[in-house]
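Here is what each chain is made of, one letter per residue.
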Amino acid sequence: MSSSDIFIGETIGTAVLILLGGGVCAAVTLKRSKAQNAGWVAITFGWGFAVLTGAYIAARSGAHLNPAVTLGLAIDGRVDWSDVPLYIGSQMLGAIIGATLVWVTYYGQFRAHLTDPEIVGSANPSEGMVDQTATPQAGPVLGIFSTGPEVRNVVQNLATEIIATAVLVLAILTQGQTKGLGVSGTGVLMTAFVVVGIGLSLGGPTGYAINPARDLGPRIVHALLPLPNKGGSDWGYAWIPVAGPLVGAALAAGLHKLAF
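Residues numbered from 1 in each chain as written. Predicted model: local features only at pLDDT ≥ 70, side-chain atom pairs only at ≥ 80, totals over all residues. Heavy atoms only, no water.

**Q** For unusual backbone geometry, give the residues involved together with the corresponding values.
**A** Its identity as a non-glycine residue notwithstanding, A63 has a phi of 55 degrees, on the positive side. Its location among the elements puts A63 in the loop between α2 (40-57) and α3 (67-75). (Helix = DSSP H or I, 4+ residues; strand = E, 2+ residues; numbered from the N terminus.)

This is how it looks when you write it as structure tokens:
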């Protein structure tokens, strides 16, 4: 596998992953979206299909789309450590591109949502002044770009991301034990189903980042985009969806080596 295969596959595949995954979050969240309030089930299946699409597109690179997956495969001996920086850099670039495309796609809905007094407070949007104390929903679009906990507890939030990512990476590593699964492409489908299952079962506490690039890249985009009344990017929490998945991946790879 050449460096260009890795760069092109991971960049485009991750961009599509974030475009479709962030897109379903935008569709469910934003006013004047036809899918507003579609709910958590729509989000989990949307992310599952996003993984499915991005992974098939990125087949030429191995379809990691996730620094935690790359780390787990490297620890397990399936990826050269010299390729790890290129994988992660490409995934971060793709995540930033994908998040930007979500903003482009839903540009009108972002403006309608973030200038609506019912959403951002009792203010005159034309004056650019918003009463941030008027409603607890002020700046409610960070969840389109990145994750956040429902109950802010560092130990629990970190443990949730570790456990959820360990399930994902262990499921990916054990696919190799079934002959033909990867060759047939069924492995990608199974991984997508695993992501849906993680979202439905383990996603409630933190929003299941399970992917450092998926969270950090779009969070950077949120911080930089000229969105009115968007609120903060919650950088105090940002390390958890990066560290948790990496630790979970390392634990899953170690368990796989010991058990299988």
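Once the structure has been displayed, the description carries forward.
**Q** Provide a residue-level description of the pattern of salt bridges, including the pertinent values.
**A** A pair can form between side chains of opposite charge whenever their charged atoms are brought close. Using the criterion set out here, one finds five salt bridges in the structure. With its nearest N and O atoms 3.5 Å apart, the salt bridge here joins K31 to D116. Of this pair, K31 sits in the loop between α1 (3-29) and α2 while D116 sits in the loop between α5 (107-114) and α6 (117-120), and the two are 85 residues apart along the sequence. Assessed through its relative accessible area of 21%, K31 is described here as partly exposed. Across the pair R219 and D215 runs a salt bridge whose closest N-O atoms are separated by 2.7 Å. A residue pair is termed a helical-turn pair when its members lie 3 or 4 positions apart in one helix, as R219 and D215 do in helix α11 (residues 212-224) at four residues. For the pair R219 and D215, a shared accessibility class is recorded, and that class is buried. (Salt bridge = Lys/Arg side-chain N within 4 Å of Asp/Glu carboxyl O. Buried < 20%, exposed > 50% of the residue type's maximum accessible area, 1.4 Å probe, protein only.)

**Q** Tell me what's going on with the nonpolar core, and back it up with residues and numbers.
**A** Residues W47, F110, I144, F145 and L227 are the most contacted members of the largest nonpolar core, which totals 57 residues. The element that contributes the greatest number of residues to this core is α1, accounting for eight residues. Apart from residues no more than four positions distant in its own chain, W47 is found in contact with L17, I18, G21, G22, V24, C25, V195, Y208 and R214. (Core = buried A, V, L, I, M, F, W, Y, C linked by side-chain atoms within 4.5 Å. Contact = heavy atoms within 4.5 Å.)

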